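As a plain string of letters, each chain reads:
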Amino acid sequence: SHTISYLCNSSRSISRSINQQPVARKILLKYKMLGPSSSSSSPDTMVSSRFCLRMLMAASWSMAYAFQSKSPVATTTTTTLSHNAKTTTTARFVAVDPTVVTKKEYQDICGAEFGSDSLQERLKATSFLYPKHVEVIEDIAPIAGAMVDEILLETGEKAWQPQDFLPDLSKEGWEDEVKEMRKMVEGVPDDLMVVLVGDMVTEEALPTYQTLLNTFEGCDDPTGDTDTAWARWSRGWTSEENRHGDLLNKYLYLGGKCDMRSIEVTIQHLITNGFNPDARKDPYRGFVYTSFQERATKISHSNVGRLAGQYGDSRLRKICAQIAGDEGRHEKAYQTFCEEIIKRDPDGLIMTFGDMMRGQIVMPAEQMTDGKNPNLYGDFSEVAQRVGVYTAIDYADIIKHLVQRWDLENIEGLSSEAEKEREYICKLPDRYRKLAERSMNKKKKVNEEEPERSFSWIYNRSV
């Protein structure tokens, strides 16, 4: 300890006049070259080694000195009692002394700056699983920016909000409006109500979907408020989608026909369980998926609204039409992204599309459960198919729409592999439709009756 004190004190004036971090690196390098591991052991070597050690310790001492507290500091004390023994742990938090280490020197020590601009720059990914795909995504970023301006609505007062479609409980006569609303809800049959609940639960799992968007390479929002076209699109899309679950949730609550606690349990389970559409962080796969899924969601909401209108619930018809309109705009945006990718990398997008079609498009609510029925999603899907809200024929028609939207039948100049994949994709819609029709006709011929399914969402009534 006396030796260390001597070295530090004798070199203190020197250490303050040097740029500490670069000097420390040079000293380390020299000491390593002339240290004990060196093959040379001459007196000159030992002198040089001692000198380097002295200089290094002087520089290090000054750095450490800067982090010592020069004023009272905040402390946090934790006391633990066990078998009459008392243990106290005190954590001390100190600030860097700016009179010893400047901001620039502190940044040199840490190897990074801490301004907001530099932070965003450092958080950018520099290596990717799909570098070519990221290059294309960066090239179409201006189109994403245009989608924010042209597809997304204004936020705030200019945008529609859930309250626009619901009774205002702050006004006189709200009781009568709620009674009238509940009268219309009573006319909606339980099977359609189950499908509506399933759609609402799917919408309420929005945090999972924004998390998914942020996994697409080249499209992420690393700081949460990144000012890039893709980050602004992700946040804008999320803010619009957020209204859907809010509106449907409040409608069901005021309607008084459902077990809201059971529905809330289902929502929490679904968000907890997560969702994996097999995007694999690939923006191509991600945008093919969202192009498909946004259209599927639009179809589902449209059909629920149409059927609700037939049963006399005009309020629900308007609600579903408004939500379906949002999904239609979002569908247009994602399909435009894929269209632009095809212009730049047709082989890449077609190979991705074909690979995804060899599996099946995973529905967002596939992992839903109410904690009681392990086959809740399967039961919900069967009811949706039976009432005609979303069917296997709809699935085939969506693929056909995408083939036509991206003009896949007329793309030329593909590689041999991509050409085979294109032919496979273009034949899929008719193949799926035939399978769906064959299955439906078979059920009619054998006069199969659908088994009854009970749902906790509607107080365990069967449909």
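Our subject is the structure listed above.
Here the structure is a predicted model, which means the values were calculated and not measured. (Residues numbered from 1 in each chain as written. Predicted model: local features only at pLDDT ≥ 70, side-chain atom pairs only at ≥ 80, totals over all residues. Heavy atoms only, no water.)

Chemist: Now, about the overall build of the protein: what can you tell me, with residues and values included?
Modeler: Summing up its helical and strand segments, the protein has 18 helices and four strands in all. Within the protein, buried positions represent 45% of all 463 residues. Of the contacts formed within the protein by residues at least 6 apart in sequence, a portion of 79% connects residues at least 24 apart. Roughly 25300 Å² of accessible area belongs to the protein as shown, and the carbon and sulfur atoms make up 50% of that amount. (Helix = DSSP H or I, 4+ residues; strand = E, 2+ residues; numbered from the N terminus. Buried < 20%, exposed > 50% of the residue type's maximum accessible area, 1.4 Å probe, protein only. Contact = heavy atoms within 4.5 Å. Areas by Shrake-Rupley, 256 points an atom, 1.4 Å probe, with all protein chains shown as cover.)

Chemist: Before we move on, can you summarise unusual backbone geometry with the specific residues and values?
Modeler: Among all residues except glycine, the phi angle is most often negative; among peptide bonds, the trans geometry is most common. The phi torsion at Asp278 lies on the positive side, around 65°, for a residue other than glycine. Examined against the element boundaries, Asp278 turns out to sit in the loop between helix H12 (260-273) and helix H13 (283-310). Of the residues examined, Asp278 reaches a relative accessible area of 31% and is grouped as partly exposed.

Chemist: Lay out the environment of Gly256 in plain terms, naming residues and giving numbers.
Modeler: In this fold, Gly256 is placed in the loop between helix H11 (229-255) and H12. As a C-alpha pair, Gly256 and Val178 span 78 residues in sequence and 9.8 Å in three-dimensional space.

Chemist: Can you explain the packing of helix H9 (residues 190-204) against helix H16 (residues 376-387)? Please cite residues and give values.
Modeler: It is the contact of H9 with H16, at a shortest axis distance of 9 Å, that shows an interaxial angle of 125°. One finds that H9 runs oblique with respect to H16. The way H9 lies across H16 gives a crossing that is left-handed. On the side of H9, the interface is formed by Asp191, Val194, Val195, Gly198 and Asp199, while H16 contributes Phe380, Val383, Ala384, Arg386 and Val387. Its residues assigned to classes, the contact of H9 with H16 comprises six nonpolar, one polar and three charged. (Axes fitted to C-alpha atoms, helices over the stretch in contact; angles between N-to-C directions. Parallel < 35°, antiparallel > 145°, perpendicular 65-115°, else oblique. Left-handed = near helix turned anticlockwise from the far one by under 90°. Nonpolar A, V, L, I, M, F, W, Y, C, P; charged D, E, K, R; others polar.)

Chemist: Report on the environment of Arg453, specifying residues and quantitative values.
Modeler: As for its position among the elements, Arg453 is in the loop between helix H18 (416-445) and strand S3 (454-455). Looking at Arg453, the relative accessible area reads 13%, which means it is buried. In this structure, the C-alpha to C-alpha distance between Arg453 and Asp379, residues 74 residues apart in sequence, is 6.8 Å. With near-sequence residues (within four places) excluded, Arg453 lies in contact with Asp379, Glu382, Arg386, Arg461, Ser462 and Val463. A polar contact of 3.3 Å, which involves the side chain of Arg453, links it to the backbone oxygen of Pro451. (Polar contact = N/O pair within 3.5 Å; in protein donor to acceptor, adjacent residues only side chain to side chain.)

Chemist: Account for the packing of H13 against helix H14 (residues 314-344), naming residues and giving values.
Modeler: Look at H13 against H14: their axes get within 8 Å of each other, and the N-to-C directions meet at 160°. In terms of axis orientation, H13 runs roughly antiparallel to H14. Considering only the axes of H13 and H14, their crossing is left-handed. Broken down by class, the residue content of the contact of H13 with H14 amounts to 13 nonpolar, ten polar and six charged.

Chemist: If you had to explain the pattern of salt bridges to someone new, which residues and values would you point to?
Modeler: Inspection of the entire model under this criterion finds 25 salt bridges. Here Glu240 makes a salt bridge to Arg329, at a shortest N to O gap of 2.9 Å. Residue Glu240 is located in helix H11, and its partner Arg329 is located in helix H14; the two are separated by 89 residues in the primary sequence. Since its relative accessible area comes to 4%, Glu240 is described here as buried. The salt bridge involving Glu339 is made with Arg405; its shortest N-O contact spans 3.0 Å. With a gap of 66 residues between them, Glu339 in helix H14 and Arg405 in helix H17 (residues 392-405) connect regions that are remote in the sequence. Of the residues examined, Glu339 reaches a relative accessible area of 27% and is grouped as partly exposed. Under the relative-accessibility criterion, Arg405 is labelled partly exposed at 26%. (Salt bridge = Lys/Arg side-chain N within 4 Å of Asp/Glu carboxyl O.)

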